[in-house]
Amino acid sequence: MTQSLLPEPPETSKWLVISPHLDDAVFSCGRLLAASPGSTVVTVFAGVPADDGEAPPWDRAAGFASGRAAMQARHLEDRAALEMLSAQPLWLPFLDRQYCEGNTPQTIVPALREVIEQYPGRRILAPLGLFHSDHALVYDAIWAMLHEAVPALAGDVAEADAGVRELGRWWFYEDMPYRRLSGLVAARVRQWREQGYAARRADPMPPEMAGSDFAAVKVTAMQAYESQLGLLDPEALIDLNTSESYWQLQWSPVSL
């Protein structure tokens, strides 16, 4: 009998974190990034508008005259924040919703796939895709790629084993501060169950790091996003300073 070779277990000391916007990874995963130096944060909607046209409302509220000026400043903020966490930024050229409404999961997938292929040993950490349309687009793109990468979970034993191993590489984080909105996380978990997956909360922090205080490092890094923090309401700011939450999936087909 021919034996299939299983993929090597993913590296556990560094992460490939997929961030919809400049700040989402640090807001949602800053403690974990502080505990995992050398990780890479891939920001999908990091594109800079081509001209100096009038800033949309969010950017104007942050004090910018144009979207181009806003994104240039936010790149500097992101680089400073990730440097504090010993993480590397990787910026994709897609424009976020306030500048462009033409993005789809299909337009995002090729760029994300290319990045993921450059880090074959990394665990992937993606957003649940809560509330914001850009977050939902990133989630949908990641979900499509996960199904490409996790073949034949219901097939023969060797293929299923390979699929289970690959599935263990993909993790999800709760989008902060949107996770505080009632019912959003529960709706995602319910959707997973309907698609044949059992979801469980998981702690990716290495046990030997559990006693360390990475919360203070995260707070310092978040302060680099000065242009964004001032626009958040008090409840959102409180949420950013609470525990982060992560999820893993297991293949568990159910009768619907």
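Everything discussed here concerns the structure shown above.
This text gives an overview of the structure that appears in the document. (Residues numbered from 1 in each chain as written. Predicted model: local features only at pLDDT ≥ 70, side-chain atom pairs only at ≥ 80, totals over all residues. Heavy atoms only, no water.)

The next point concerns the environment of Ala-35. Relative to the elements of secondary structure, Ala-35 occurs in helix H1 (residues 24-35). You can call Ala-35 buried: its relative accessible area is 5%. For the pair Ala-35 and Ser-13, spaced 22 residues apart in sequence, the C-alpha to C-alpha distance is 8.7 Å. (Helix = DSSP H or I, 4+ residues; strand = E, 2+ residues; numbered from the N terminus. Buried < 20%, exposed > 50% of the residue type's maximum accessible area, 1.4 Å probe, protein only.)

Here we come to the pairing of strand S2 (residues 40-43). Burial along S2 is two-sided: Thr-40 and Val-42 facing one way and Val-41 and Thr-43 facing the other are all buried. Bridge count between S2 and strand S3 (residues 88-91): four bridges; the pairing is parallel. Counterpart to Thr-43 in the pairing with S3 is Trp-91. (Pairing = 2+ DSSP bridges.)

Here the focus is helix H8 (residues 215-222). Regarding H8, the residues found buried are Lys-218, Ala-221 and Met-222. All buried residues of H8 fall inside an arc of 100° around its axis, so they share one side. Elements that come into contact with the buried residues of H8 comprise H1, helix H3 (67-84), helix H9 (226-229) and helix H10 (234-240). (Arc of directions from axis to C-beta. Contact = heavy atoms within 4.5 Å.)

Viewed as axis vectors pointing N to C, H1 and H8 meet at an angle of 135°, and their least axial separation amounts to 8 Å. Here H1 lies oblique to H8, going by the angle between them. Note that H1 runs across H8; the crossing there is right-handed. Between H1 and H8, the residues in contact are Val-26, Phe-27, Ser-28, Gly-30, Arg-31 and Ala-34 and Ala-215, Val-217, Lys-218, Ala-221 and Met-222, respectively. Here the residues of the contact of H1 with H8 sort into seven nonpolar, two polar and two charged. (Axes fitted to C-alpha atoms, helices over the stretch in contact; angles between N-to-C directions. Parallel < 35°, antiparallel > 145°, perpendicular 65-115°, else oblique. Left-handed = near helix turned anticlockwise from the far one by under 90°. Nonpolar A, V, L, I, M, F, W, Y, C, P; charged D, E, K, R; others polar.)

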